[in-house]
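Secondary and tertiary structure notes
Now for the letters of each chain:
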Amino acid sequence: MDVGFKEDILAIITTNKELVSSGTTPIFYARDEDEKERVALLISKVTMGMVHDLENGSYVIVKH
Amino acid sequence: MFDYSYIIIPAIIVGIISRISMLKSDYRQYPSYPQGVFSHFTLGIVSASLGAVAIPALAEKEFSAVTFLALAAQQFRDVRSLERQSLDNIEPTELVSRGTAYIEDIAKAFEARNYMTMLTGLVVSAIIFFSEHFGVPTYYAIMSGVIGGVIAILFFNFAIKRDTVSKIAEVKPATITFEGPLLLINGIVIMNIGLKASRKIYLEKGIAVEINPYDANGVATLANMGQRQAIQHNAATLLGIRKDVDEPDFTPIARRDPHTGKVVMAIVTMEPDVNCLVEAVKSTIVLESAKRRPLDSKTGRKAAKE
């Protein structure tokens, strides 16, 4: 049987520490835009999730 | 039994021909060839025989033989659940899923086709039996039975023919743009694509269509998620989808404009030819389970006018 999260934020990648705080979802801080893009890609490949842009310097990865 | 062989044999043969005429393994490859086709062919022989023997059995006053028809109906219901189950099982292996509505439609079609084979057998045997009964020479009785059977085949094939999307809506190419991370097709928001690399691929290789329903019936039918899933699946099958399981960004999504009821869809294909995409969407069948006809009701017509 398949067990896993769906329609749920799996990870947050951000360059802006002040904007994000989370109790449960892992947050990854990136130094700049390029690193954010790269980290998001890597995590999305591992989780098979999709990267969404929140336009405030943060990406979220959601599994659909 | 051999007294009736002139009824039973032509009826079975025409019945089998009727099943074969409906057994097309085209680009969908469903029923899958060769094994799936073979098992359905065999079931076709069974159902043709059941239809063929019903009337001779009645003539022999073997009324219990008719209960076999009930047994047959039960059997063919099993065919439906079998097809549904097998398609459900392979659903996770599809890059672009068929969707439950499409699966249900396919399963239903298989059940109905077996009944049609049975009915064709029944029609042929009935014509032969009754023309013989009323004094027509056996040879002419068989001939008229076969002709009646062919007409039945043509009629049934026509009766179960399903509409395609081209009949309920106008399909035309659309343009893909981005507003920040939001993918837009002709101004309608589809989804949020975060990765810049994915956005670039969409802009370079993505193609999109706009599906404009002709009337309120089309609007209601295209609103069904199963119908949209079927369109996505068909487009991906015909044009080849350019994605793998770890790239959800490129899953085609058909979204609806809530204001007008039109549907837009973007897809990244192996062959980025937008005219082919239009053709693929047009040739998608309108699912029986998705079809709605609000204009057939007084309220629906009134609501559409306003």
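The shown structure was predicted, so the numbers you read here are calculated from the model rather than taken from an experiment.

1. Observations regarding the pairing of strand 1 (residues 8–14) of chain A
Residue and element names in this part refer to chain A.
- Judged from the six bridges that link them, strand 1 and strand 4 (residues 58–63) form a sheet pairing that is antiparallel. Bridging from a neighbouring strand, Ile9 pairs with Val62 of strand 4.
- Relative to strand 2 (residues 27–29), strand 1 is paired through three bridges, and the arrangement is parallel. Paired with Ile13 across the two strands is Phe28, which belongs to strand 2.

2. Some words on the pairing of strand 4 of chain A
All names here are of chain A.
- Of all the six residues making up strand 4, five are buried; the element is thus mostly covered by neighbouring parts of the structure.
- Bridge count between strand 3 (residues 50–53) and strand 4: four bridges; the pairing is antiparallel. Among the inter-strand pairings, Met50 is bridged to a residue of strand 4, identified as Val62.
- The antiparallel pairing of strand 3 with strand 4 creates a hairpin that spans four residues between the two strands, and Glu55 there sits at a positive phi of about 65 degrees.

3. As for the nonpolar core
All names here are of chain B.
- Grouped together as the largest cluster of nonpolar side chains are 54 residues, with contacts concentrated most on Ala208, Val209, Met265, Leu277 and Val281.
- With six residues, strand 7 (residues 263–268) is the largest single contributor of residues to this core.
- Among residues more than four places away in sequence, those in contact with Val209 are Val171, Lys172, Pro173, Ala174, Met265, Leu277, Val278 and Val281.
- Counting residues in hydrophobic clusters, the runner-up holds 26 residues, among them Ala48, Ala52, Val53 and Ile142.

4. Remarks on the packing of helix 4 (residues 100–133) of chain B against helix 5 (residues 138–159) of chain B
All names here are of chain B.
- Close contact between helix 4 and helix 5 brings their axes to 8 Å; oriented N to C, the two are set at 150 degrees. With respect to helix 5, the axis of helix 4 lies roughly antiparallel. Helix 4 and helix 5 meet at a crossing whose hand is right-handed. Across the interface between the two elements, Met116, Thr120, Val123, Val124, Ile127, Ile128, Ser131 and Glu132 from helix 4 touch Thr138, Ala141, Ile142, Ser144, Gly145, Val146, Gly148, Gly149, Ala152, Ile153 and Phe156 from helix 5.
- Grouping the constituent residues of the contact of helix 4 with helix 5 by class yields eleven nonpolar, seven polar and one charged.

5. Brief notes about the sheet that holds strand 2 of chain A
Residue and element names in this part refer to chain A.
- On the basis of which strands lie adjacent, the open sheet formed by four strands has the order 2-1-4-3 and mixed pairing. One side of each edge strand has no neighbouring strand; the edge strands of this open sheet are strand 2 and strand 3. Recorded for the sheet is a direction-independent mean angle of 25 degrees between the axes of neighbouring strands.

6. Looking at the interface of chain B and chain A
- Counting residues at the interface gives ten residues for chain B, matched by 13 residues for chain A.
- Each residue belonging to the side of chain B that touches chain A can be placed in one class, and the counts come to four nonpolar, three polar and three charged.

7. Focus: the sheet that holds strand 1 (residues 169–174) of chain B
All names here are of chain B.
- The strand order across the open sheet built from four strands is 1-5-7-6, with neighbouring strands paired in antiparallel fashion. In the strand order of this sheet, the two ends are held by strand 1 and strand 6 (253–256), each with one partner. The mean inter-strand angle of the sheet, taken between neighbouring strand axes irrespective of direction, is 20 degrees.
- Pairing of strand 5 (residues 206–213) with strand 7 involves six bridges; the strand directions are antiparallel. If you follow Ile207 over to strand 7, its bridge partner there is Ile267.
- Sheet strands touched by helix 7 (residues 196–205): strand 5 and strand 7. Its angle to strand 7, the strand with the most contacts, is close to 105 degrees.

8. Structural notes on the confidence of the model for chain A
- Scored by pLDDT, chain A comes out at a mean of 89, with 97% of its residues at no less than 70.
- Here strand 1 of chain A stands out as the least confident element of chain A, with mean pLDDT 91; strand 3 of chain A is the most confident, with 94.

9. Regarding the packing of helix 1 (residues 5–21) of chain B against helix 5 of chain B
Residues and elements named next belong to chain B.
- It is the contact of helix 1 with helix 5, at a shortest axis distance of 10 Å, that shows an interaxial angle of 20 degrees. When the axes of helix 1 and helix 5 are compared, the pair comes out roughly parallel. Between helix 1 and helix 5 the crossing geometry is right-handed. Only Thr138, Ile142, Gly145, Val146, Gly149, Ile153, Phe156 and Asn157 of helix 5 make contact with helix 1, whose side of the interface consists of Tyr6, Pro10, Val14, Ile17, Ser18 and Ser21.

10. Looking at helix 1 (residues 33–47) of chain A
Residues and elements named next belong to chain A.
- Over its 15 residues, helix 1 runs 21 Å from end to end, which matches the ideal 21 Å to within 8%, given 1.5 Å per residue.
- Three or more residues of helix 1 are buried, namely Lys36, Ala40 and Ser44. Down the axis of helix 1, the buried set is contained in an arc of 60 degrees. They therefore lie on one face. When the buried face of helix 1 is taken as reference, the exposed residues oriented beyond 90 degrees from it are Asp34, Leu42, Lys45 and Val46.
- Residues of helix 1 that are buried make contact with strand 1, strand 3 and strand 4.

11. Some details on the confidence of the model for chain B
- With 99% of its residues at a pLDDT of 70 or more, chain B shows a mean pLDDT of 91.
- Here the prediction assigns the complex a pTM of 0.89, and the interface score ipTM is 0.89.

12. Some points on the domain arrangement of chain B
All names here are of chain B.
- As assigned here, chain B comprises domain 1 (2–159) and domain 2 (165–305).
- Just the C-alpha atoms count here: the centres of domain 1 and domain 2 sit 36 Å apart.
- For the side of domain 1 that touches domain 2, a count of residues per class yields five nonpolar, three polar and four charged.

Parameters and conventions
Residues numbered from 1 in each chain as written. Chains lettered and ligands numbered in written order. Predicted model: local features only at pLDDT ≥ 70, side-chain atom pairs only at ≥ 80, totals over all residues. Pairing = 2+ DSSP bridges. Helix = DSSP H or I, 4+ residues; strand = E, 2+ residues; numbered from the N terminus. Buried ≥ 20, exposed ≤ 12 C-beta atoms within 10 Å, placed from the backbone. Core = buried A, V, L, I, M, F, W, Y, C linked by C-beta atoms within 7 Å. Contact = placed C-beta atoms within 7 Å. Axes fitted to C-alpha atoms, helices over the stretch in contact; angles between N-to-C directions. Parallel < 35°, antiparallel > 145°, perpendicular 65-115°, else oblique. Left-handed = near helix turned anticlockwise from the far one by under 90°. Nonpolar A, V, L, I, M, F, W, Y, C, P; charged D, E, K, R; others polar. pLDDT = per-residue confidence, 0-100. Expected span 1.5 Å × (residues − 1). Arc of directions from axis to C-beta. Domains from an automatic or database assignment.

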